Amino acid sequence: MRNSWELPAAALSREGDDVGVVLRGRKNRSEKQSQQPNNVRKCMHAKMLLKKYVKTRRKVKILLLLAIVGLLVITIIVLGSTGRNAAIELLLDERFIARAYRPGDQPEKSPQPAAAMSVLQPQRENGVIVPEKYDEQKIKERIIQSKMDLMKLQQQRDHEAEQSSRTTLDVITTAVHIFYTAPVPWYKSKKPPPPPAEHPNDVPLTTPRPVRILNTAFYPALGLYKPSNTLLSQHFENIKSCGVGVLILSFTGGKPAEAALIHQILDVAPQHNLSVTFELSVAGNQSVEYVRQQLQEIATYAKLPGFYRVWSQSRGASLPVLYVSNAYKLSDSLGRLLCRTPSLVEPDGLRRIQDAFFIGHLRLKSHADVLRRLCFDGFYSKLPSNGAVFSSTWKNWSYLKSFALSYKMLFVPTVGPGFAERNKFPRHGDIQRHRSNGRYYGVAWRTAILNHVGFINIASYNNWPDGSQIEEVMPRAGFLDYNPGSRTKYLDLTAHWVGNFLKTRQEAAAAAAPASPQNCYELLNGTIC
């Protein structure tokens with residue numbers, strides 16, 4: 001008999017098979033669990049925890065209730081802190097606005113204590129909070145005014161910095177003359193085109209009125225000014241700092257307003273060691289009567305102490321220097337009255353009214369001989385546009401200098417920083433000249449200095465309509481400026497080139513032989529042969 005504890009082999013084999021099946025099932029389940037994504041495994045793990053610790057619905061409800069209460073407490077805390085911060089920021093913002101946009105006549109109130117800043121006092125009507133009222137237009141005006149004040153302050157600081165770093169000359173020479181415009185014609189009239197007619201044979205019933213437009217390509221740093229004692233003093237001080245000693249004013253005569261302004265300039269100019277002379281224009285009237293009337297009026301100004309005069313060695317007298325614009329248009333009969341011998345003898349001679357050094361304006365090569373026959377003492381080019389006409393072309397200045405020396409005349413070249421007038425002299429084509437960052441001005445000066453001329457005139461200090469000014473300019477939208485460079489760029493360049501002109505003349509006088517007499521172009525003491 002077998003023992004009771006012994007099992008048949010078949011039973012043992014069946015048990016081993018059952019155990020193997022169980023082990024393989026567990027292994028397959030573990031492999032499937034490992035192949036499942038992480039989020040699925042996490043969910044299954046959470047379910048197992050809930051089944052383990054929360055075995056009744058009552059415990060689930062309690063847990064959800066606690067979570068909801070916690071979320072409510074956190075929300076209340078966050079909202080409460082945000083509301084207090086917003087209230088403080090709003091209060092600070094309101095106080096900032098009240099301080100920034102308060103009326104100019106109300107003084108600024110002293111800051112209130114911090115305890116009063118934590119509570120806002122709204123205005124209510126019938127229990128409804130009424131928002132405060134404000135004038136949006138006034139706020140915009142205050143903002144614009146504040147910006148303008150800041151810009152003016154910045155411009156004033158820049159101007160002071162430029163003035164402190166300006167190039168100036170301590171000496172003044174009467175051999176350099178500059179054209180000065182007073183008053184400046186800031187506007188010009190432009191006639192608009194007529195409206196188109198509905199039919200070709202229709203005649204327009206009304207003529208469109210002329211429109212005033214600003215007549216300058218640059219914008220002045222002092223604005224669109226009018227002459228006054230303060231303004232004249234400021235201008236004359238700038239001219240003096242450049243070493244220029246003589247102003248050239250355009251003279252038309254016969255106008256009381258012009259006479260008053262000329263007297264004002266002749267009073268202010270000597271205070272800055274400056275002299276004044278005139279440019280007489282005969283473009284519209286070349287008659288003898290007109291020229292005689294102009295000379296009679298000029299004779300009254302030539303006696304004043306501020307009028308420019310030079311000593312003549314041959315005539316033994318101190319005579320003024322007068323420029324005559326468009327002199328080449330004068331007739332031969334008038335030139336006979338301008339010649340010295342008959343003019344000083346005959347009763348109707350023009351030099352009996354006012355004897356002077358008459359410097360005539362020329363444009364073409366043939367005009368030099370015309371002015372010689374008209375008995376002018378010299379000629380000048382006037383137009384600061386290289387290549388526009390013969391006289392303003394730099395390479396022709398050597399010929400004009402030689403011609404003047406041959407007939408004992410004076411040649412006065414005109415230099416300028418550029419030219420920006422579009423409507424003048426259209427028959428000559430485009431005569432605008434770009435400033436080229438001061439290079440154009442420098443070449444003109446260098447050419448005049450190398451020709452060893454006795455006088456140089458500058459066009460101009462403030463002829464804004466021609467765009468030839470050296471006065472300070474303000475950068476402004478829609479206008480040209482002196483960039484790159486400061487607002488006083490061309491005042492500094494003028495002082496530099498006037499200094500070079502004086503240095504060259506002194507070196508030429510020192511290099512001359514002591515026994516040889518100096519010619520008219522080497523005299524430095526305001527003397528003309």
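Nothing here was measured: the structure is a model prediction, and the numbers come from that model.

A. Region of interest: the packing of helix α13 (residues 439-450) against helix α14 (residues 489-511). Two elements in contact, α13 and α14, have axes separated by 10 Å at closest approach and are oriented at 15°. Comparing the axis directions of α13 and α14 gives the class roughly parallel. Along this stretch, α13 crosses α14, giving a crossing that reads as right-handed. Of α14, the residues touching α13 (which contributes Y441, G442, W445, R446 and I449) are Y490, L493, T494, W497, V498, N500, F501 and T504. A class-by-class count of the residues in the contact of α13 with α14 yields eight nonpolar, four polar and one charged.

B. Quick peek at a nonpolar patch on the surface. Taken together, the side chains of L65, V69, V73 and I77 make up a nonpolar region of the molecular surface, amounting to roughly 380 Å² of accessible area. Secondary-structure assignment places I77 in helix α3 (residues 57-100).

C. Main features of empty space enclosed by the protein. A complete count under the given rule lists three cavities of 30 Å³ or more for this structure. Here the largest cavity defines a volume of roughly 70 Å³. In this structure, the largest cavity is lined by L280, V282, V291, L295, V324, L330, L334, L338, F358 and F376. Looking at the lining of the largest cavity, the elements that each hand over two or more residues are α7 (288-302) and α8 (332-338).

D. Quick peek at unusual backbone geometry. Cis geometry marks the peptide bond from A182 to P183, where omega comes out at -10°. Inspection of the secondary structure puts P183 in the loop between β3 (173-180) and β4 (187-190). Look at the link from N483 to P484: it is a cis peptide, with omega at 0°. Within the secondary structure, P484 is located in the loop between β14 (456-458) and α14. Although it is not a glycine, K408 adopts a positive phi angle of roughly 50°. Here K408 shows up in the loop between α12 (397-406) and β12 (410-412). According to the relative accessible area criterion, K408 is exposed, its value standing at 81%. In this structure, H452 is a non-glycine residue whose phi angle is positive, near 55°.

E. Geometry of the state of the cysteines. With the rule as written, the count across this model stands at one disulfide. Between C339 and C375 runs a disulfide, and the two sulfur atoms are separated by 1.6 Å. The S-S bond linking C339 to C375 shows a torsion near 65°; that makes this disulfide right-handed. On the criterion of sequence distance, the pair formed by C339 in the loop between α8 and α9 (340-345) and C375 in the loop between α11 (367-373) and β11 (378-380) is long-range, its members being 36 residues apart. For C339, a relative accessible area of 15% gives the class buried.

F. Here's a closer look at the nonpolar core. Counting residues in hydrophobic clusters, the biggest one holds 98 residues, and the most contacted among them are F236, F278, F379 and W445. At seven residues, α7 tops the list of elements feeding residues into this core. Other than its neighbours up to four places away in sequence, F278 contacts I248, L249, F251, I262, I298, Y301, F307, L322 and Y323. Ranked by size, the runner-up nonpolar core spans five residues in total, among them L383, V389, F419 and I431.

G. Broad picture of the pairing of strand β8 (residues 309-312). Only one face of β8 is buried: it carries V310 and S312, and the other face, with R309 and W311, is open. Across four bridges, the pairing between β8 and strand β9 (residues 317-325) is antiparallel. Looking at β9, one finds that W311 is bridged to S318. Connecting β8 to the antiparallel partner β9 that follows it, the hairpin turn spans four residues, and G316 within it adopts a positive phi of roughly 65°.

H. Spatial organisation of the packing of aromatic side chains. Taken as a whole, this structure holds 22 aromatic pairs when the rule is applied. Considering the side-chain rings of Y399 and F403, the 6.3 Å spacing of their centres and the 40° angle between planes classify their relative orientation as tilted. Here F403 and Y399 lie together in helix α12, a separation of four residues that amounts to about one turn. Here Y441 and W445 contribute two aromatic rings whose centre-to-centre distance is 6.4 Å and whose plane-to-plane angle is 75°, an arrangement assigned as edge-to-face.

Calculation criteria
Residues numbered from 1 in each chain as written. Predicted model: local features only at pLDDT ≥ 70, side-chain atom pairs only at ≥ 80, totals over all residues. Heavy atoms only, no water. Axes fitted to C-alpha atoms, helices over the stretch in contact; angles between N-to-C directions. Helix = DSSP H or I, 4+ residues; strand = E, 2+ residues; numbered from the N terminus. Parallel < 35°, antiparallel > 145°, perpendicular 65-115°, else oblique. Left-handed = near helix turned anticlockwise from the far one by under 90°. Contact = heavy atoms within 4.5 Å. Nonpolar A, V, L, I, M, F, W, Y, C, P; charged D, E, K, R; others polar. Patch = residues over 30% accessible without salt bridge, like charges linked within 9 Å, V, L, I, M, F, W, Y side chains within 5 Å. Areas by Shrake-Rupley, 256 points an atom, 1.4 Å probe, with all protein chains shown as cover. Salt bridge = Lys/Arg side-chain N within 4 Å of Asp/Glu carboxyl O. 1 Å grid on protein atoms, 1.4 Å probe; cavity = no way out; pocket = protein on both sides within 12 Å on 5 of 7 lines; lining within 4 Å. Points joined across faces, edges and corners; volume = space filled by probe spheres on them. Buried < 20%, exposed > 50% of the residue type's maximum accessible area, 1.4 Å probe, protein only. Disulfide = S-S within 2.5 Å. Core = buried A, V, L, I, M, F, W, Y, C linked by side-chain atoms within 4.5 Å. Pairing = 2+ DSSP bridges. Phe/Tyr/Trp six-rings, centres within 6.5 Å; stacked < 30°, edge-to-face > 60°.

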